[in-house]
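The primary structure of each chain is shown beneath.
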Amino acid sequence: VQLVESGGGLVQPGGSLRLSCAASGFTFSSYAMSWYLQAPGKEREFVAVIRSAGGSTNYADSVKGRFTISRDNAKNTVYLQMNSLKPEDTAVYYCNAQLLLTFYWGQGTQVTVSS
């Protein structure tokens, strides 16, 4: 099983980034896919989820209206479009796959929002 995040980097406040998470080794379409972030010195926290059936989504209040999660089951990939980025969005962003009590995590990608 692999989850490989990409797309992180340095961006100015107000800018945009699109993160990708490529999955392999499991039945991607059956899993709910989420993004989490972990800022320095803080615990990992939920950002967004897209479910397997129907593709419904939920977001943390801090990113509602700015971030959009989507998935392409044909490509086994989940995305996080991040707009209007703020310095407080700076963190390592992790991809997560969940089916019942089975969880998989990626290695993370760094996002730094700074002028």
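Below, the structure is looked at part by part.

Parameters and conventions
Residues numbered from 1 in each chain as written. Predicted model: local features only at pLDDT ≥ 70, side-chain atom pairs only at ≥ 80, totals over all residues. Heavy atoms only, no water. Pairing = 2+ DSSP bridges. Helix = DSSP H or I, 4+ residues; strand = E, 2+ residues; numbered from the N terminus. Axes fitted to C-alpha atoms, helices over the stretch in contact; angles between N-to-C directions. Salt bridge = Lys/Arg side-chain N within 4 Å of Asp/Glu carboxyl O. Buried < 20%, exposed > 50% of the residue type's maximum accessible area, 1.4 Å probe, protein only. Polar contact = N/O pair within 3.5 Å; in protein donor to acceptor, adjacent residues only side chain to side chain. Phe/Tyr/Trp six-rings, centres within 6.5 Å; stacked < 30°, edge-to-face > 60°.

With that settled, consider the sheet that holds strand β3 (residues 17-24). Taken in spatial order, the 4 strands make up an open sheet running β1-β3-β8-β7, and their pairing is antiparallel. Only two strands of the sheet have a single neighbouring strand rather than two, namely β1 (2-6) and β7 (67-72). Within this sheet the neighbouring strands show an average axis-to-axis angle of 15°, counted without direction. Strand direction decides the pairing type here: β7 and strand β8 (residues 77-82), joined by 6 bridges, are antiparallel. Of the residues in β8, the one forming a bridge with Ser-70 is Tyr-79.

Summed over the entire model, instances satisfying the criterion amount to 2 salt bridges. Here Asp-61 and Lys-64 are joined by a salt bridge, their closest N and O atoms 3.1 Å apart. Take Asp-61: its relative accessible area is 66%, and that puts it in the exposed class. For Asp-89, the salt bridge goes to Arg-66, with nearest N and O atoms at 2.8 Å. Of this pair, Asp-89 sits in the loop between β8 and β9 (91-99) while Arg-66 sits in the loop between β6 (57-59) and β7, placing them 23 residues apart in sequence. Each of the two residues, Asp-89 as well as Arg-66, counts as buried.

For Asp-89, a relative accessible area of 5% gives the class buried. Of the polar contacts made by the side chain of Asp-89, one reaches the side chain of Arg-66; its length is 2.8 Å.

This structure, assessed with the given rule, holds 5 aromatic pairs. Centre to centre, the rings of Phe-26 and Tyr-31 are 4.7 Å apart; their planes meet at 65°, and the pair counts as edge-to-face. Side by side, Phe-26 and Tyr-31 carry an identical accessibility label, which is buried. Ring geometry for Phe-26 versus Tyr-104: centroids 5.2 Å apart, planes at 40°, classification tilted. One end of the pair, Phe-26, is in the loop between β3 and β4 (32-38); the other, Tyr-104, is in strand β10 (residues 102-105), and 78 residues separate them in sequence. An aromatic cluster is present here, built from Phe-26, Tyr-31 and Tyr-104 joined pairwise through their rings.

By themselves these figures say nothing about function.
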